[in-house]
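Structural overview
Here is what each chain is made of, one letter per residue.
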Amino acid sequence: MELRIKGMVCQHCVEALSRLLREAGLEVESVEIGRAVISHTLDDGELKMLDSLLAGIGFSRAKTADEMMVERIRQTVIEHVRHPEECRLNLSSCLEEHLNTPYDTLSRVFSATEGRTIEKYCIAQRVEWVKELLSYGEKTIAEIADITGYSSAAHLTRQFKSVTGLTPTAFLLHPTPRRSLAEV
């Protein structure tokens, strides 16, 4: 049985969901961002129990076709942001190619469901990746700009400040608590 899971954004989410499913006694075949496959079909009672467990770690099941499409969009955007070397297409072309759906349809469904554009979600994902790289303290802002696909350190800094209200340097000096997965 395939489950589409809302709220997953990184490998830590994959690990948390894998652990939750195993602890719930489910035989897990695979887990990736936005998706889990278990060995058997769950009845309504098991699905309610699973929904409760998922809510406890900040996730939920995508139940409608639009919710499932949004999760596929999120997953593709995360891959596009985190692995720019694998996809040199612009974001809209990348989404159309991976999801085999016209971009205007994807954009309309995403905006109606999420209350923000795909582009704003993409920027939020890039900024979260920048935060992660900054927190390691191993790279300069210029190196992080290059890794994350910004044209310059100045461009990264402008976009980072517009999203977070802080410059990257101020962020390092005054780290903020991690945002809820639903906010990213």
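Residues numbered from 1 in each chain as written. Predicted model: local features only at pLDDT ≥ 70, side-chain atom pairs only at ≥ 80, totals over all residues. Heavy atoms only, no water.

**Topic: the overall build of the protein chain**
Helix and strand counts for the protein chain stand at nine helices and four strands. In the protein chain, the succession of helices and strands from N to C terminus is β-α-β-β-α-β-α-α-α-α-α-α-α. Here the protein chain has a C-alpha radius of gyration of 18 Å; the compact-globule value for 184 residues is 16 Å, and the two agree. Viewed in the frame of its principal axes, the protein chain has a C-alpha envelope of about 55 × 35 × 30 Å. (Helix = DSSP H or I, 4+ residues; strand = E, 2+ residues; numbered from the N terminus. Rg over C-alpha atoms; globule rule 2.2 N^0.38 Å.)

**Describing the pairing of strand S1 (residues 2-6)**
Across three bridges, the pairing between S1 and strand S3 (residues 35-38) is antiparallel. Bridge pairing in S3 links arginine 4 to arginine 35. Two elements, S1 and strand S4 (residues 60-61), share two bridges in a ladder whose sense is antiparallel. Bridge pairing in S4 links isoleucine 5 to arginine 61. (Pairing = 2+ DSSP bridges.)

**Considering the pattern of salt bridges**
When the charged atoms of two side chains lie near each other, side chains of opposite charge can form a pair. For the structure shown, the criterion picks out ten salt bridges. Glutamate 2 serves as the salt-bridge partner of arginine 35, at 2.3 Å between the closest nitrogen and oxygen. With arginine 35 in strand S3 and glutamate 2 in strand S1, this pair connects stretches of sequence that are 33 residues apart. Using a relative accessible area of 43% as the deciding quantity, one classes glutamate 2 as partly exposed. Linked through salt bridges whose partners overlap, the residues forming this network are Glu2, Arg4, Glu32 and Arg35. (Salt bridge = Lys/Arg side-chain N within 4 Å of Asp/Glu carboxyl O. Buried < 20%, exposed > 50% of the residue type's maximum accessible area, 1.4 Å probe, protein only.)

**Thoughts on the layout of surface pockets**
Its boundaries defined by the atoms lining it, the second largest pocket holds a volume of some 230 Å³. Surrounding the second largest pocket, 14 residues form its lining, His80, Pro84, Arg88, Thr148 and Gly149 being those nearest its centre. Contributions of two or more residues to the lining of the second largest pocket are made by helix H3 (65-82), helix H6 (118-136) and helix H7 (141-147). Taken together, the residues of the lining of the second largest pocket sort by class into seven nonpolar, four polar and three charged. (1 Å grid on protein atoms, 1.4 Å probe; cavity = no way out; pocket = protein on both sides within 12 Å on 5 of 7 lines; lining within 4 Å. Points joined across faces, edges and corners; volume = space filled by probe spheres on them. Nonpolar A, V, L, I, M, F, W, Y, C, P; charged D, E, K, R; others polar.)

**Let's talk about the packing of H3 against H6**
The contact between H3 and H6 brings their axes to 10 Å, and the two run at 50°. The angle between H3 and H6 falls in the class oblique. The handedness of the crossing between H3 and H6 is right-handed. Contact with H3, carried on its side by Ile73, Arg74, Val77, Ile78, Val81 and Arg82, involves Ile118, Tyr121, Cys122, Gln125, Arg126, Trp129 and Glu132 of H6 and no other residues of that element. Of the residues that constitute the contact of H3 with H6, the class distribution is eight nonpolar, one polar and four charged. (Axes fitted to C-alpha atoms, helices over the stretch in contact; angles between N-to-C directions. Parallel < 35°, antiparallel > 145°, perpendicular 65-115°, else oblique. Left-handed = near helix turned anticlockwise from the far one by under 90°. Contact = heavy atoms within 4.5 Å.)

By themselves, these observations are geometric and do not establish any function.
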